[in-house]
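One letter stands for each residue in the lines below.
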Protein chains: 4
Amino acid sequence: MTKLWNKGYNLDAVIENYTVSDDYSLDQKLVQYDCVASLAHAKMLHKIGILTTQELRDLEMGLQEIMSLWEQGKFKIERSQEDCHTAIETYLIEHYGDAGRKIHTGRSRNDQVLVALKLFAKDEIGQILEAAQELVKSLNAFAKAHRETPIPGRTHMQLAMPASLGLWAGAMSASLQDDVIFLQAALKIIDQCPLGSASSFGVSLPLDRQFVSDTLGFEKVQHNVLYCANSRGKWESMALSAYTQIMLTLSKAANDLIFFSLPELGYVSLPKELCSGSSLMPQKKNPDGLELIRAKAATVQGNLNIILEIIRPLISGYNRDFQETKRPFMQSTQITKESLWVMTHTIEKLEVHLDKCVAAFKPELFATDWVMELVAQGIPFRTAYQQVAQNPNDAPHQDPIQNIRTKNYD
Amino acid sequence: MTKLWNKGYNLDAVIENYTVSDDYSLDQKLVQYDCVASLAHAKMLHKIGILTTQELRDLEMGLQEIMSLWEQGKFKIERSQEDCHTAIETYLIEHYGDAGRKIHTGRSRNDQVLVALKLFAKDEIGQILEAAQELVKSLNAFAKAHRETPIPGRTHMQLAMPASLGLWAGAMSASLQDDVIFLQAALKIIDQCPLGSASSFGVSLPLDRQFVSDTLGFEKVQHNVLYCANSRGKWESMALSAYTQIMLTLSKAANDLIFFSLPELGYVSLPKELCSGSSLMPQKKNPDGLELIRAKAATVQGNLNIILEIIRPLISGYNRDFQETKRPFMQSTQITKESLWVMTHTIEKLEVHLDKCVAAFKPELFATDWVMELVAQGIPFRTAYQQVAQNPNDAPHQDPIQNIRTKNYD
Amino acid sequence: MTKLWNKGYNLDAVIENYTVSDDYSLDQKLVQYDCVASLAHAKMLHKIGILTTQELRDLEMGLQEIMSLWEQGKFKIERSQEDCHTAIETYLIEHYGDAGRKIHTGRSRNDQVLVALKLFAKDEIGQILEAAQELVKSLNAFAKAHRETPIPGRTHMQLAMPASLGLWAGAMSASLQDDVIFLQAALKIIDQCPLGSASSFGVSLPLDRQFVSDTLGFEKVQHNVLYCANSRGKWESMALSAYTQIMLTLSKAANDLIFFSLPELGYVSLPKELCSGSSLMPQKKNPDGLELIRAKAATVQGNLNIILEIIRPLISGYNRDFQETKRPFMQSTQITKESLWVMTHTIEKLEVHLDKCVAAFKPELFATDWVMELVAQGIPFRTAYQQVAQNPNDAPHQDPIQNIRTKNYD
Amino acid sequence: MTKLWNKGYNLDAVIENYTVSDDYSLDQKLVQYDCVASLAHAKMLHKIGILTTQELRDLEMGLQEIMSLWEQGKFKIERSQEDCHTAIETYLIEHYGDAGRKIHTGRSRNDQVLVALKLFAKDEIGQILEAAQELVKSLNAFAKAHRETPIPGRTHMQLAMPASLGLWAGAMSASLQDDVIFLQAALKIIDQCPLGSASSFGVSLPLDRQFVSDTLGFEKVQHNVLYCANSRGKWESMALSAYTQIMLTLSKAANDLIFFSLPELGYVSLPKELCSGSSLMPQKKNPDGLELIRAKAATVQGNLNIILEIIRPLISGYNRDFQETKRPFMQSTQITKESLWVMTHTIEKLEVHLDKCVAAFKPELFATDWVMELVAQGIPFRTAYQQVAQNPNDAPHQDPIQNIRTKNYD
């Protein structure tokens, strides 16, 4: 058997290549999740009397074998099999006969994909949340260490008012903590078990969906069977909305760090281990990791759109279009996780140059403080503003480090 | 005074037109929110001794006057004033002199915009959540009424298995309930008070930010002052991510209803009050509201991208680019709210044609049920599947209404 | 008569507000184009014997009146009329009776919109192409004047090799010239006359479409009547693809100029007429025009997506969804035209600081030239590269102006 | 040697994995193009005296060897080599010593990438244009064969007026012909040789760029060296704008064909060779190829955005961000080509069911024709319209085939 829906004729070759695409290779990452879900399904089928005890044991053994083979890199999905679900059922039938022929009772490939993807998502989002917490810790440590490392604050990229590297790191940390809240909301929505929805319309069998959901560790059953199918792509796009926010935070941090490390500023520098060079210009030391964070942030946002655009036009029920949402989802998950690692790494290895930070302070940075002094003397703000505006560079110079101590940056 | 930062020379006319854009007209919707925030700011300035009691009374009176004028449609923002913040300060200075000149102490226009937009957002999102709950109610009532109104379930838009209009409405309701969770998460993140962040770097005055936050009814202070500025556009994009999900749900409902009301299907029809006609073809009755929900869903998603693309490249601190995020945010807020109203209206007035629903059932819709019967007789699923696949149209016909009663659709 | 398709009942108020949206106000810009197209249509109807000579004269007079009223700002489109097409037909019927009742013979509102939008597009794109040529001229003049104004060339934003402001301006000019080619291709595709396609399916009247096309100055007739309707949004999106390229060029120029005018670099500065200030910080002089070019570039790209996303899911023939493509198209047209003006203005007023440019040269900028000297002595490139890489800062210093004279930058 | 810019220390492992990404595997498709470009570069270096005749022969031989190895699938690019350019230079140095060390004289990896990608693009776009012409031919043949196969024309997806399958195919053909014009414009812009731009700033060697351009068959030299670098991503995005238009045409055709093949309509059907089945429902025959065309159209549009969003924020000169534009460009090129093949295949194998087409005609489809008859009798259009609107279903029935013969559909 090559395809679950095989009926005896061959799919036209051009179409086959086009329709299977790289789905079968993406599915390498879903094998273990499908096995786990199949196991829970088999236990439930046994519980409601569809499988005998022997058949359940056969399937447990078969699924264990597949997981072992997979860990050793020996479980292959052929292009002609299309996906991991077919490969797994095929293995079970070849090795365990009728037990294998019964495993698909009461489910469709569609809800297999849904449940495997959700188990994958829960795992990966868990790792992303951990990686985000790691970065929050690194940023907070950096913020504490550099609470009094002054740098010019900017608006419109021009000099504005005194700021500090600690304030900057705190801003990144606060941003990431908001992102975590958003991703947790997506995770909560994802954490509903779709298995048992079959082809969007249920089946006329007394499936015990609560049992399957509990066995797999879901928070609850996703009750409406049509919504299970309809939510494909939708919950991935919620996760990607949150990934996009994380990448937005990382991208801003990357923009800032590249800016701070311009030769003309030099507030910070990256250790050479984090840079690459040029094939032509021998002196170059380039912040490639940070540049790629910027670029990959665009990729994740683009992938969010791909998923949204694929699913928005569809009527209810499964449509093949859904398949194309898998790659952008899986790719973005990996990018987000790795980008967090790269940024944590960067923050921990960042070299700060206090001399350059202090040297960067020009009188105009203190103009607003001068206004506030006049305000403290009772001059109305707008009047004081217009007075200082005549000669902002005459603002009394201050020691930058002393200055930022007077600000409430916590 | 025409501009808060006026220093005596005139901005080049081409640039002025380009930079002010339609910001001053969008700001009509922010006047009352800026007044409320200004009032809280004034109270705080009084509390920390910057304003005398008389000055506070002057400002309270002035701000009340502005709000009254605004309600009567008489508070105008001139293009030359750029925005509501300038118009309000100008009014206060003209009518209350130094009290007006002091109102801007310790704040920047930037955090005025931030707080006014957040108050607007909290109000509007509250209305959207209410409208969503209304629609959930309507959908649930429709689902209950049509639990046993059978329609063909489809996958790949082709006939699949029996379904019901109730299952369909339940799927839409479940989808919207997930959207509500996502929007609530965005609202929670928005609900942090930015006022007092000044130009992203605080000021050297002992502002009581907690007092302002409490006065304005925020859940908490957004502490990091740089993050206040950096989060502009970011929290709007979180709201838009949730709006996008709502519009995705509405768009799918619209797609389905337009499909169900095709002349060849006719499961439902729209009352003529919800349709428009053609200028050329006299017989036309078109589902314009539903078509526009589809189109406006694309607009909201596009607006999400506009905001994300504007803010992603920016370094920390205020940049003028932020201004362009206001229109897509405000426009999308209105679209989402109105689209929920239109859909609620549509669901409530929808006419269902049971005869057409029942007539739509062809034998192939029962093929899977036939497989399940064979499974119940002990035949392994895959074997039964292949047996039925030979002649799926021979599936024993069933009464559609009886059939869906056997499905667990709740 | 309020609506062309009026049949006696009132559209539900919520729906009406939702469906008409701001279409009637956008249509203010289309009045004259619809009049011109209606005139050509009337002449053709007369030519094929549908209109009498007197009726044609009546319509000519009526349309002239409307155009005069419009120029004086007195031709109003009521929200209840939905669009300019209804307002115009209503006027003609009220003032000229049956002649007015005949004007719509053989056309639909849909092809009226199409032809009016195309006439608008041809006009506006013509202006954009002119504005682009103006900017090319300004950039070329700037390039010539600053051929030997040296600035550090950068890769990865770090110092790379010597460059010049002239090279920079030449790059912007070359980029814009490519954009012009792309926009001309879009214009060529737009330049096909759709009038006579009716509601996508033609009519059973012997319309002389070639005559209408010639009268209106189109290059050719858009023959396939279904494609006329199907191309709505499509040709707008082609124009927007080209606008996006123009905005990409302008955005890069804006990024560079903001960067060049950082206080730490100061290669160029903007005259204060092109800057705005801060409401809080008295010293600020901000490059708002350039920042908004960046932001508006994102808006135009977002609008491109809105149009593409609206039209992609539609089946053939007119769908109401198309209406929502009008605003993003018209808005983007205006943004692109104005952005070109702002950039031309900026280039012409830009102040260059040669002292800062020269002072920016550090030895490492000459490392590659040092490699090339070794290459000229016969050392293989890769060997020379590795030798210089040991101490790139030992590169023999050169006079920057002399150096760039040796480069072939034309 | 592992990296062209190797200076003796190892890149941190996390960063290396993140920065190289899948670039080295994408580069498998660029090996032959880099070899061809390297050969032209070597000939030029010989012409200007940098390479001896023997060195040129060595390089010719080495590059031939690499191309042979590549054709046999034996030329591997290691992840540690990052890209094909490094792998090729490494091979040449290992096998031909100093000749290999000289090949990089006067170029950078950046312009190697640019020229190889442009040669790839020219090749692939040539194939896409051919595939588009093939589809135009198939559509025209189908249009001719089905000029008089009547189907209901629709607006708002509702019944509108008579149409024909021939009209439909003609519309798709006309659309694709416009797309071809747009892609040809992109190709013309791409057809400029960037080689010799080095790291965006040229080199101080008398490179003969015209010779290289002619040798490689480019239409002209891309003169401004900074623009060469700046145009990376830009010309790819122009190609993708045109691909997006092609996919838009294919997507509409797919939407229509899926719609026409609904069981309730059945105007056409797909041969089973072009369909797949369901793992659960034995009767299913699904139009997967067409569904995936829709989904992949969204992917191509998303990829366009990814490229635009990556490059828009960048200042002039090479930035590492560019690397991330390679995958979306190459992936979209393949999708567009294959989608054209799949659609051509589908059109050629499409089965038309004339009986179902004719049976689909209901009286209301002739209402507009009835209006036109009244118009022909001298009744003003709007009066006739209102008269027919009372009872559109009383429109005199016509033979659909006769009816469409009276329409001017060519």
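Residues numbered from 1 in each chain as written. Chains lettered and ligands numbered in written order. Predicted model: local features only at pLDDT ≥ 70, side-chain atom pairs only at ≥ 80, totals over all residues. Heavy atoms only, no water.

Chemist: How should I be thinking about the overall build of chain A in this particular structure?
Modeler: When its secondary structure is counted, chain A shows 17 helices and 6 strands. In terms of overall dimensions, chain A is more spread out than a globule: its C-alpha atoms have a radius of gyration of 28 Å, far above the 22 Å expected for 410 residues. Structurally, chain A occupies a C-alpha span of about 90 × 55 × 35 Å along its principal axes. Across the 410 residues of chain A, 71% fall into the buried class. (Helix = DSSP H or I, 4+ residues; strand = E, 2+ residues; numbered from the N terminus. Rg over C-alpha atoms; globule rule 2.2 N^0.38 Å. Buried < 20%, exposed > 50% of the residue type's maximum accessible area, 1.4 Å probe, protein only.)

Chemist: Just to check I follow, could you spell out the packing of aromatic side chains for this structure?
Modeler: For any pair of aromatic rings, the description consists of the separation of the ring centres together with the inter-plane angle of the planes. Overall, the coordinates contain 38 aromatic pairs over all chains when judged by the stated rule. Summarising the aromatic geometry, the rings of Tyr 318 of chain B and Phe 322 of chain B are spaced 5.8 Å apart at their centres and angled 40 degrees between planes, so their arrangement reads as tilted. The residues Tyr 318 of chain B and Phe 322 of chain B share a single accessibility class, namely buried. Connected via pairs of aromatic rings, a cluster forms that spans Tyr 33, Phe 120, Trp 235 and Phe 329 of chain A. Directly above the aromatic system of Tyr 385 of chain A lies the positively charged group of Arg 382 of chain A, at a separation of 4.9 Å from the ring centroid. (Phe/Tyr/Trp six-rings, centres within 6.5 Å; stacked < 30°, edge-to-face > 60°. Lys NZ or Arg CZ within 6 Å of the ring centre and 35° of its normal.)

Chemist: Explain the interface of chain B and chain D here, please?
Modeler: When the parts of a complex come together, some accessible area is lost, and that lost area is often taken as the interface size. Contacts between the two partners involve 44 residues from chain B and, on the opposite side, 44 residues from chain D. In total, chain B and chain D occlude about 3700 Å² of area from one another, counting both sides; carbon and sulfur atoms represent 57% of this. Contact with chain D buries surface across chain B, with His 156, Pro 282 and Gln 283 of chain B losing the most and accounting together for 18% of the total. Joining chain B to chain D, the criterion identifies 4 salt bridges. Elements represented by at least two residues in the side of chain B that touches chain D include exactly β1 (150–155), β2 (158–164), α11 (234–260), α12 (288–311), α15 (367–376) and α16 (381–390) of chain B. Take the side of chain B that touches chain D: its biggest share by element is 5 residues, from α16 of chain B. Taken together, the residues that form the side of chain B that touches chain D break down as 23 nonpolar, 9 polar and 12 charged. (Contact = heavy atoms within 4.5 Å. Buried area = accessible area lost by both parts, 1.4 Å probe. Salt bridge = Lys/Arg side-chain N within 4 Å of Asp/Glu carboxyl O. Nonpolar A, V, L, I, M, F, W, Y, C, P; charged D, E, K, R; others polar.)

Chemist: What am I meant to see in the relation of the copies chain D and chain C here?
Modeler: Think of it as a corkscrew move, a rotation about one axis and a shift along it, taking one chain copy to the other. Once chain D is rotated about the relating axis by 180 degrees and shifted along it by 0.0 Å, it coincides with chain C to within an RMSD of 0.0 Å. Taken together, the rotation and translation describe the operation of a two-fold axis. In this assembly the copies share their binding face: 99% of the residues contributing to the interface of chain D also contribute to that of chain C. (Least-squares fit on C-alpha atoms with pLDDT ≥ 70 in both.)

Chemist: Sorry, what's going on with the interface of chain D and chain C here?
Modeler: Contact residues are listed per partner, giving 97 residues for chain D and 96 residues for chain C. Carbon and sulfur atoms make up 62% of the area that chain D and chain C hide from each other, which totals about 8000 Å². Where chain D touches chain C, the interface holds 4 salt bridges. Remark: the boundary between chain D and chain C carries 37 residue pairs in polar contact (both at pLDDT 80 or more). Split into classes, the residues belonging to the side of chain D that touches chain C amount to 44 nonpolar, 33 polar and 20 charged. (Polar contact = N/O pair within 3.5 Å; in protein donor to acceptor, adjacent residues only side chain to side chain.)

Chemist: What is the right way to look at the pattern of salt bridges in this model?
Modeler: Any two side chains of opposite charge can pair, on the condition that their charged atoms come close. A full pass over the atoms with the stated rule returns 80 salt bridges over all chains. A salt bridge links Arg 405 of chain B to Glu 148 of chain B, with the nearest nitrogen and oxygen atoms 2.7 Å apart. Residue Arg 405 of chain B is located in helix α17 (residues 400–405), and its partner Glu 148 of chain B is located in the loop between α7 (109–145) and β1; the two are separated by 257 residues in the primary sequence. Residue Glu 148 of chain B is classed as partly exposed on the basis of its relative accessible area of 32%. Between Lys 47 of chain D and Asp 208 of chain D there is a salt bridge, with its nearest N and O atoms 2.5 Å apart.

Chemist: Looking at this model, I keep getting lost on the domain arrangement of chain A. Mind explaining?
Modeler: Residues and elements named next belong to chain A. With domains assigned, chain A is organised as domain 1 (13–105), domain 2 (110–359) and domain 3 (363–405). For domain 2 and domain 3, the distance between their C-alpha centroids amounts to 41 Å. Each side of the interface is counted separately: domain 2 has 13 residues, and domain 3 has 10 residues. When domain 2 packs against domain 3, close to 940 Å² is buried across both sides, 74% of that on carbon and sulfur atoms. Scanning the region where domain 2 abuts domain 3 turns up 1 salt bridge. Put simply, the parts of the chain that give the side of domain 2 that touches domain 3 at least two residues each are β1 (150–155) and β2 (158–164). In terms of residue count, β2 provides more of the side of domain 2 that touches domain 3 than any other element does, 6 residues in total. Partitioning the side of domain 2 that touches domain 3 into residue classes produces 8 nonpolar, 3 polar and 2 charged. (Domains from an automatic or database assignment.)

Chemist: Help me understand unusual backbone geometry in this model?
Modeler: Phi is mostly negative for residues that are not glycine, and the peptide bonds are mostly trans. Even without being glycine, Ala 198 of chain A reaches a positive phi, approximately 55 degrees. Residue class for Ala 198 of chain A comes out buried when judged on its relative accessible area of 0%. Of note in this structure, Ser 200 of chain C is not a glycine but carries a positive phi near 90 degrees. Residue classification places Ser 200 of chain C among the buried residues on the basis of a relative accessible area of 0%.

Chemist: Just to check I follow, could you spell out helix α3 (residues 31–47) of chain B for this structure?
Modeler: Given 3.6 residues per helical turn, the α-helix brings residues three or four places apart onto the same face. Residue and element names in this part refer to chain B. Here α3 spans 24 Å end to end across 17 residues, near enough to the 24 Å set by a 1.5 Å rise per residue. Buried residues of α3: Val 31, Tyr 33, Asp 34, Cys 35, Ala 37, Ser 38, Leu 39, Ala 40, His 41, Ala 42, Met 44 and Leu 45, and no others. The secondary structure elements touched by the buried residues of α3 are α4 (53–71), α5 (84–96), α6 (98–102), α7 and α9 (209–216). Gly 49 sits one or two positions beyond α3 and adopts a positive phi of about 90 degrees. (Expected span 1.5 Å × (residues − 1).)

Chemist: I'm lost on the relation of the copies chain B and chain D in this one. Help?
Modeler: In screw terms, the move from chain B to chain D is a rotation of 180 degrees and a rise of 0.0 Å along the axis, fitting with an RMSD of 0.0 Å. Here 100% of the contact residues of chain B are again contact residues in chain D; the copies associate through an equivalent surface.

Chemist: Even after reading the chapter, I still don't get the environment of Gln 301 of chain B, so can you show me in this structure?
Modeler: The topology assignment puts Gln 301 of chain B in helix α12. On the basis of relative accessibility, which here comes to 1%, the residue Gln 301 of chain B falls in the buried class. When the C-alpha atoms of Gln 301 of chain B and Leu 240 of chain B are compared, they prove to be 7.6 Å apart, with 61 residues separating the residues in sequence. In this structure Gln 301 of chain B touches Asn 305, Leu 308, Glu 309 and Arg 312 of chain A, Thr 244 of chain B together with Glu 309 of chain C, once residues within four positions along its chain are discounted.

Chemist: Would you explain the environment of Lys 122 of chain A in this entry?
Modeler: Residues and elements named next belong to chain A. Tracing the backbone through its elements, the reader meets Lys 122 in helix α7 (residues 109–145). Remark: the alpha-carbon pair of Lys 122 and Ile 190, spanning 68 residues in sequence, is separated by 7.7 Å. Each residue touching Lys 122, except ones within four places of it in the same chain, is listed here: Leu 187, Ile 190, Asp 191, Gly 217 and Phe 218. Polar side-chain contacts of Lys 122 include one of 2.8 Å to the side chain of Asp 191.

Chemist: What is the right way to read the confidence of the model for chain A from this model?
Modeler: Interpretation of this model should avoid reading the predicted coordinates in detail wherever pLDDT is low. Mean pLDDT over chain A works out to 92, with 97% of the residues at or above the 70 mark. Scored as a complex, the prediction yields pTM 0.95 and ipTM 0.94. (pLDDT = per-residue confidence, 0-100.)

Chemist: Any chance you could explain the packing of helix α11 (residues 234–260) of chain A against helix α8 (residues 165–190) of chain B here in plain terms?
Modeler: In a pair of packed helices, the angle between the axes and the distance between the axes together describe the arrangement. At a minimum axis separation of 12 Å, α11 of chain A and α8 of chain B run at an interaxial angle of 5 degrees. Taken as axis vectors, α11 of chain A and α8 of chain B run roughly parallel relative to one another. Residue-level inspection shows Lys 234, Met 238 and Ser 241 of chain A of α11 of chain A in contact with α8 of chain B, the latter providing Ser 175, Asp 178, Asp 179 and Phe 182 of chain B. Broken down by class, the residue content of the contact of α11 of chain A with α8 of chain B amounts to 2 nonpolar, 2 polar and 3 charged. (Axes fitted to C-alpha atoms, helices over the stretch in contact; angles between N-to-C directions. Parallel < 35°, antiparallel > 145°, perpendicular 65-115°, else oblique.)

Chemist: Would you mind going over the state of the cysteines with me for this structure?
Modeler: Two cysteines joined by a covalent bond between their sulfur atoms form a disulfide. Residue and element names in this part refer to chain B. Summed over the entire model, instances satisfying the criterion amount to 0 disulfides over all chains. Cys 228 supplies the cysteine sulfur nearest to Cys 193, a cysteine that is in no disulfide, at a spacing of 8.1 Å. Accessibility expressed as a relative area gives 0% for Cys 193, which makes it buried. (Disulfide = S-S within 2.5 Å.)

Chemist: Would you take a moment to explain the environment of Leu 274 of chain C for this structure?
Modeler: Residues and elements named next belong to chain C. When you line up the elements, Leu 274 lands in the loop between β5 (268–269) and α12 (288–311). Since its relative accessible area comes to 3%, Leu 274 is described here as buried. Sequence spacing of Leu 274 and Lys 349 is 75 residues, and the spatial spacing of their C-alpha atoms is 8.7 Å.

Chemist: Hey, could you run me through the pairing of strand β1 (residues 150–155) of chain D in this one?
Modeler: Along any regular strand the residues' side chains alternate between the sheet's two faces. Residue and element names in this part refer to chain D. Counting buried positions along β1 yields 6 of 6 residues, so the element is predominantly enclosed. The pairing of β1 with strand β2 (residues 158–164) spans 6 bridges and is classified as antiparallel. The residue of β2 that forms the bridge with Ile 151 is Ala 163. (Pairing = 2+ DSSP bridges.)

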